[in-house]
Amino acid sequence: MEKSEILIVVKTYPEISSKYTETVCTAGISADTKKLVRLYPIRFRYLEGSQQFKKYQWIRANIRKTSADPRPESYNIDPESIELKKVIPAGKTWEKRFSWLINENTVFSSVESLRAAQINCGTSLGIIQPKEVKRVIIQMRGDEEIKEAVSKKDSVISQLDMFEKKKGLYILPIRIMIEFVCKDSNCKGHKMSILDWELGQLYRKVIKGPDWQGKIEAKIMEEIFGATRDTYIILGNMVSHPQTFCVLGFFWPLKSPYRQIHLFT
């Protein structure tokens, strides 16, 4: 393994894992290459407090290219080696975040170009800026799907070591999706699931109140993609279906009249 510094930019909602109890899909920017990397496995809620990183926080850890995952950005991480470094805050320092995330190694002009890169190079992570987000779709998961997920969770937790603290995981009964159009003139539109941890937590916060669906839609359409924001979507594919991409998270800095970037010219 090699010691590397990575800026964390994505944490998805935890998923039950038979091998690791649960995992959080985590992606970041390598300090050495300015490329996106995927870190696995990370049992985030089971990490020691001194190792639980935040988004836009630099970490230093031992990683190595995994042989179990053919995607070029995927690396195994030694969780016990994680050292927490500085957080890049928002506010006046949006430009520091921007300079790391938005570059010619990470950004694609459209989902279509990202999928082409997947075919040609195996690319599985990328950032795009949509032309328009048309709507938010909130879909209830089927009873059988939820029952199966709960059964798997209970089975995995019951097999934990007797000395390891058991942590319940709330199974989200919904899917949150967005429909959007790329800037590519050939784009026919996309509908993708959002896996971002923060939106999962938002659902848990608002579900008991009135118009919970409206609150989730407002968060996405009026805040994340609000008129004052210069928003990008961070995408990742599925190892078993490499042409199927999901929304892992968002990068939504305030618009700046001074920001100049020409990635595709």
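Reading the values: rules and limits
Residues numbered from 1 in each chain as written. Predicted model: local features only at pLDDT ≥ 70, side-chain atom pairs only at ≥ 80, totals over all residues. Heavy atoms only, no water. Buried < 20%, exposed > 50% of the residue type's maximum accessible area, 1.4 Å probe, protein only. Helix = DSSP H or I, 4+ residues; strand = E, 2+ residues; numbered from the N terminus. Pairing = 2+ DSSP bridges. Axes fitted to C-alpha atoms, helices over the stretch in contact; angles between N-to-C directions. Contact = heavy atoms within 4.5 Å. Salt bridge = Lys/Arg side-chain N within 4 Å of Asp/Glu carboxyl O. Phe/Tyr/Trp six-rings, centres within 6.5 Å; stacked < 30°, edge-to-face > 60°. Lys NZ or Arg CZ within 6 Å of the ring centre and 35° of its normal.

Colleague: Just give me the short version of the pairing of strand 9 (residues 125-128), but keep the residues and values in it.
Modeller: The alternating pattern of strand 9 places Leu125 and Ile127 and Gly126 and Ile128 on opposite faces, both of which are buried. In terms of strand pairing, strand 9 meets strand 13 (residues 232-238) through 4 bridges, oriented antiparallel. Residue pairing in the sheet places Ile128 in a bridge with Ile233 of strand 13.

Colleague: Just give me the short version of the sheet that holds strand 13, but keep the residues and values in it.
Modeller: Strand order in this open sheet of 3 strands is 9-13-14, and the pairing throughout is antiparallel. Two strands close off the open sheet at either side, each with one partner strand: strand 9 and strand 14 (241-251). Mean inter-strand twist for the sheet, computed between neighbouring axes without regard to direction, equals 30°. Packed onto the sheet, helix 1 (residues 94-101) meets strand 9, strand 13 and strand 14 and runs at close to 165° relative to strand 14.

Colleague: With reference to specific residues and values, describe the pattern of salt bridges.
Modeller: Across all of its chains, the model carries 11 salt bridges by this definition. Between Glu132 and Lys134 there is a salt bridge, with the nearest N and O atoms lying 3.5 Å from each other. Residues Lys219 and Glu223 are paired through a salt bridge, measuring 3.2 Å at the closest nitrogen-oxygen approach. Remark: Glu223 and Lys219 occur in helix 5 (residues 212-224); sequence separation between them is 4 residues, near one turn of the helix. Residue classification places Glu223 among the partly exposed residues on the basis of a relative accessible area of 39%. Bridged by salt links that share partners, the residues Lys3, Glu83 and Lys85 form one connected network.

Colleague: Give me the lowdown on the packing of aromatic side chains, citing residues and values where you can.
Modeller: Evaluated as defined, the whole model comprises 11 aromatic pairs. Both rings, one in Tyr56 and one in Phe251, keep their centres 6.2 Å apart while their planes meet at 50°; by these two values the pair is tilted. One end of the pair, Tyr56, is in the loop between strand 5 (36-40) and strand 6 (57-65); the other, Phe251, is in strand 14, with 195 residues separating them in the sequence. Across this residue pair, the class does not change: Tyr56 and Phe251 are buried. Sitting above the plane of the Trp100 ring, Lys34 keeps its charged end 5.3 Å from the centroid. Of note, Arg43 hangs over the ring of Tyr46, and the distance from its end group to the ring centre comes to 4.5 Å.

Colleague: Can you lay out the environment of Ile220 for me, pointing to particular residues and giving the numbers?
Modeller: Position of Ile220 among the secondary structure elements: in helix 5. Sequence separation between Ile220 and Ile178 is 42 residues, and the spatial gap between their C-alpha atoms is 8.9 Å. Leave out the neighbours within four places in its chain, and Ile220 touches Val136, Ile176, Ile178, Ile194, Leu199 and Phe225.

Colleague: Give me the lowdown on the sheet that holds strand 11 (residues 174-181), citing residues and values where you can.
Modeller: Pairing within the open sheet is antiparallel, and its 3 strands lie in the order 10-11-12. The sheet terminates laterally at strand 10 (132-140) and strand 12 (190-193), the two strands that pair on one side only. With strand direction ignored, the average angle separating the axes of adjacent strands in the sheet is 25°. The pairing of strand 11 with strand 12 spans 4 bridges and is antiparallel. Looking at the pairing, Phe180 lines up with His190 of strand 12.

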